[in-house]
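Inside the fold
Spelled out, the chains give:
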Amino acid sequence: MTTSPLLDLFTSTGALLEGHFKLTSGRHSNSYFQCAKVLQHPEHLSAICRAIAEHFAEKGVETVISPAIGGIVVGTEVGRQLGVKTIFAERKEGVMTIRRGFSVEPGERVLVIEDVITTGGSVLEVIRLIEAAGGVVVGVGSVVDRSNGRVRLADEQFSVLSMEVVSFTPEECPLCKKGVAIDAPGSRASHQQ
Ligand code: ZN
């Protein structure tokens, strides 16, 4: 895992747990991440979004857009700190769309903000919407990159925390072999991985 000066915020709030976990996929992992656990605290939300906003401060961002739902809280705070229009995209019948009277104009410089990037699928769909409208994608910012930098979505890409998620089938799990008790936080959490 890449260290970050903000790493303490993730561990002290329980957003980043280390141990032995059963993920919603059924695989086992030595770490578990719930972004909302840190973002629920306004001072932490502000500090984390400041790192993102400062990274893109000189990029001429005119609009911040996020994929609903996870990205909205972060996108709104980054947009507030940059002092720019902030909108979101959402799925309607499975298709990512820009609704609610929101729009992207030709030439508009748009920053895409997400909470957690795993495969980057939602962000990629938002990028295609911006490009289809003739907008310019300034970059992609996120709180956490769970691909540890492998997923490349834009030339200018920034994450506060970059981490490698290691997981195993139950049969090959070294923690099971060691007899470490397992926790299944996804079974009682609303924000699952
Ligand atoms: Zn296990």
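One can find the structure itself at the top, above this paragraph.
Presented here is an overview of the structure given in this document. (Residues numbered from 1 in each chain as written. Predicted model: local features only at pLDDT ≥ 70, side-chain atom pairs only at ≥ 80, totals over all residues. Heavy atoms only, no water.)

Attention now moves to the pattern of salt bridges. One pass over the full model with this rule turns up 7 salt bridges. For Glu-90, the salt bridge goes to Arg-100, with nearest N and O atoms at 2.8 Å. Of this pair, Glu-90 sits in strand 4 (residues 85–92) while Arg-100 sits in the loop between strand 5 (95–97) and strand 6 (109–117), and the two are 10 residues apart along the sequence. Arg-150 is paired through a salt bridge with Glu-164; the nearest N and O atoms lie 3.0 Å apart. Here the residue Arg-150 occupies a position in the loop between strand 7 (136–145) and strand 8 (157–162), and Glu-164 occupies one in the loop between strand 8 and strand 9 (167–168), the gap between them amounting to 14 residues. It is possible to trace a salt-bridge network through shared partners that takes in Glu-90, Arg-99 and Arg-100. (Salt bridge = Lys/Arg side-chain N within 4 Å of Asp/Glu carboxyl O. Helix = DSSP H or I, 4+ residues; strand = E, 2+ residues; numbered from the N terminus.)

A few words on the nonpolar core. Ranked by size, the top nonpolar core spans 30 residues in total, and within it Phe-10, Phe-33, Ile-48, Val-78 and Val-143 carry the most contacts. For this core, the secondary-structure elements that each account for two or more residues are helix 1 (7–12), helix 2 (35–39), helix 3 (42–55), helix 4 (70–82), strand 6, strand 7 and strand 8. The greatest single-element share of this core, amounting to 5 residues, is contributed by helix 3. When residues no more than four places from it in sequence are discounted, the contact partners of Ile-48 are Leu-6, Leu-9, Phe-10, Val-38, Leu-39, Val-143 and Val-160. Counting residues in hydrophobic clusters, the runner-up holds 16 residues, among them Ile-87, Val-104, Val-112 and Val-151. (Core = buried A, V, L, I, M, F, W, Y, C linked by side-chain atoms within 4.5 Å. Buried < 20%, exposed > 50% of the residue type's maximum accessible area, 1.4 Å probe, protein only. Contact = heavy atoms within 4.5 Å.)

This part takes up the packing of helix 3 against helix 4. Here helix 3 crosses helix 4 at 65°, and the two axes come no closer than 9 Å. When you trace helix 3 past helix 4, the crossing you get is right-handed. Contacts between helix 3 and helix 4 involve Leu-45, Ser-46, Cys-49, Arg-50, Ile-52 and Ala-53 on the former and, on the latter, Val-73, Val-74, Glu-77, Val-78, Gln-81 and Leu-82. Across the contact of helix 3 with helix 4, the residue classes break down as 8 nonpolar, 2 polar and 2 charged. (Axes fitted to C-alpha atoms, helices over the stretch in contact; angles between N-to-C directions. Left-handed = near helix turned anticlockwise from the far one by under 90°. Nonpolar A, V, L, I, M, F, W, Y, C, P; charged D, E, K, R; others polar.)

Before going further, it helps to spend a moment on the pairing of strand 3 (residues 63–67). Within strand 3, 5 of the 5 residues are buried, which leaves the element mostly enclosed by the surrounding structure. Because side chains alternate across strand 3, one face comprises the buried residues Thr-63, Ile-65 and Pro-67, and the other comprises Val-64 and Ser-66, equally buried. Pairing of strand 3 with strand 4 involves 5 bridges; the strand directions are parallel. Residue Val-64 lies in a different strand from strand 4, and its bridge partner there is Thr-86. Looking at chain direction, strand 3 and strand 6 are connected through 3 bridges and run parallel. Bridging from a neighbouring strand, Ile-65 pairs with Val-112 of strand 6. (Pairing = 2+ DSSP bridges.)

What follows concerns the pairing of strand 8. Across the 6 residues of strand 8, 5 count as buried, placing the element largely inside the fold. Examined bridge by bridge, strand 7 and strand 8 share 5 bridges and lie parallel to one another. Paired with Asp-145 across the two strands is Ser-162, which belongs to strand 8.

This paragraph deals with the environment of Phe-21. Its location among the elements puts Phe-21 in strand 1 (residues 16–22). Sequence-wise, Phe-21 and Ala-184 are 163 residues apart; in three dimensions their C-alpha atoms are separated by 5.5 Å. If we skip the residues at most four places from it in the chain, Phe-21 touches Arg-27, His-28, Ser-29, Asn-30, Ser-31, Tyr-32, Ile-182, Asp-183 and Pro-185.

Taken as a whole, this structure holds 3 aromatic pairs when the rule is applied. For the pair Phe-10 and Phe-33, a centre-to-centre distance of 5.8 Å together with 35° between the ring planes defines the contact as tilted. Linking Phe-10 in helix 1 with Phe-33 in strand 2 (residues 28–33), this pair joins segments that are 23 residues apart in sequence. A relative accessible area of 0% means that Phe-10 is categorised as buried. We classify Phe-33 as buried; its relative accessible area is 3%. For the pair Phe-21 and Tyr-32, a centre-to-centre distance of 5.9 Å together with 40° between the ring planes defines the contact as tilted. With a gap of 11 residues between them, Phe-21 in strand 1 and Tyr-32 in strand 2 connect regions that are remote in the sequence. Exposure remark for Phe-21: the relative accessible area of 5% places this residue in the buried category. By relative accessible area, which is 1% here, Tyr-32 ends up buried. (Phe/Tyr/Trp six-rings, centres within 6.5 Å; stacked < 30°, edge-to-face > 60°.)

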